[in-house]
Amino acid sequence: FAFGLESVQVEGAGVCSFVCNGHRLLEMICGDLNEAPAMLLLYMLLHNNHTFKLFILSRTNIDYMVLPILQVLYQAENRSSYHVYMALIVLLILSEDDLFSQTLQDVTLHHVDWYTERNVSDVNLGSLFILVVIRTMHYNMTRARDRYLHTNCLAALANTSAHFSRM
């Protein structure tokens, strides 16, 4: 990844810190979430950087980030188990925030071309979230059989369940 980070040396401390453009960083990560390293970077930033997490949760265009993550889960059979697990953990971390869960319900998607089993159009992002997470649970029950993946799917659904509407 090339984020255009600028290195800043703190005098006397010997510590190197970085200044970056959060919008550009998020754009770069979201553009590459179909790759496991980008998903890991997103996870690490959400888990370890409270400021970055708040920045992401304040976004009104969360579909820009959530759709590629849901696509990774949807295509679980073509992804490494590590990549699928990281995608689910990222959604789980985000779903802990009530505003995120509410925003999922407020974003309307006019067409989801990568969802091939059914025609998914004019649906809210929350409904697609539920559909893909339940599909991931089905995949896990029939193929992966990872109890932690299943538990995290249920936790993400439970976190968002108070805000389900227009399903």
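The structure under discussion appears in the preceding block.
What you see is a predicted model, and the numbers here were worked out from it, not measured in a lab.

## Some remarks on a nonpolar patch on the surface
Judged by side-chain polarity, L40, M44 and Y82 come together as a nonpolar surface patch covering roughly 260 Å² of accessible area. The exposure class assigned to L40 is partly exposed, which follows from its relative accessible area of 30%.

## What to know about helix α8 (residues 147-160)
Between its first and last C-alpha, α8 extends 20 Å over 14 residues, near the 20 Å set by a 1.5 Å rise per residue. Along α8, the residues that are buried comprise L149, H150, N152, C153, A156, L157 and T160. All buried residues of α8 fall inside an arc of 165 degrees around its axis, so they share one side. Where α8 starts, the residue carrying a side-chain oxygen 2.8 Å from the main-chain nitrogen of Y148 turns out to be D146.

## Overview of the packing of helix α1 (residues 22-30) against helix α4 (residues 63-74)
α4 packs onto α1 with a crossing angle of 25 degrees between their chain directions and a minimal axis gap of 10 Å. Judged by the inter-axis angle, α1 sits roughly parallel to α4. Like other packed secondary-structure pairs, α1 and α4 cross with a definite hand, here left-handed. Across the interface between the two elements, L26, E27 and C30 of α1 pack against Y64, M65 and P68 of α4. Taken together, the residues of the contact of α1 with α4 sort by class into 5 nonpolar, no polar and 1 charged.

## Things to note about the pattern of salt bridges
Taken as a whole and judged by the stated rule, the model has 2 salt bridges. With a closest N to O distance of 2.7 Å, E27 and R24 form a salt bridge. With E27 and R24 both in helix α1, this residue pair falls 3 residues apart, about one helical turn. A relative accessible area of 40% places E27 in the partly exposed class. Ionic pairing is found between R135 and E117, a salt bridge with its closest N-O pair at 2.9 Å.

## Examining the environment of L25
Here L25 lies in helix α1. Residue L25 is classed as buried on the basis of its relative accessible area, which comes to 7%. When the C-alpha atoms of L25 and L42 are compared, they prove to be 9.8 Å apart, with 17 residues separating the residues in sequence.

## Topic: the packing of α1 against helix α3 (residues 50-57)
α3 packs onto α1 with a crossing angle of 75 degrees between their chain directions and a minimal axis gap of 11 Å. In terms of orientation, α1 lies roughly perpendicular with respect to α3. Residues G22, H23, L25, L26 and I29 of α1 lie in contact with α3, whose contacting residues are F52, F55 and I56. Residues of the contact of α1 with α3, tallied by class, amount to 6 nonpolar, 2 polar and no charged.

## Section: α3
For α3, the complete set of buried residues consists of F52, K53, F55, I56 and L57. Turning to α3, the residues buried within the fold contact α1, α2 (36-48), α4, α5 (81-95) and α6 (98-106). For α3, the capping residue at the N-terminal end is N49, with a side-chain oxygen 3.1 Å from the backbone nitrogen of T51.

Definitions and limits used
Residues numbered from 1 in each chain as written. Predicted model: local features only at pLDDT ≥ 70, side-chain atom pairs only at ≥ 80, totals over all residues. Heavy atoms only, no water. Patch = residues over 30% accessible without salt bridge, like charges linked within 9 Å, V, L, I, M, F, W, Y side chains within 5 Å. Areas by Shrake-Rupley, 256 points an atom, 1.4 Å probe, with all protein chains shown as cover. Salt bridge = Lys/Arg side-chain N within 4 Å of Asp/Glu carboxyl O. Buried < 20%, exposed > 50% of the residue type's maximum accessible area, 1.4 Å probe, protein only. Helix = DSSP H or I, 4+ residues; strand = E, 2+ residues; numbered from the N terminus. Expected span 1.5 Å × (residues − 1). Arc of directions from axis to C-beta. Polar contact = N/O pair within 3.5 Å; in protein donor to acceptor, adjacent residues only side chain to side chain. Axes fitted to C-alpha atoms, helices over the stretch in contact; angles between N-to-C directions. Parallel < 35°, antiparallel > 145°, perpendicular 65-115°, else oblique. Left-handed = near helix turned anticlockwise from the far one by under 90°. Contact = heavy atoms within 4.5 Å. Nonpolar A, V, L, I, M, F, W, Y, C, P; charged D, E, K, R; others polar.

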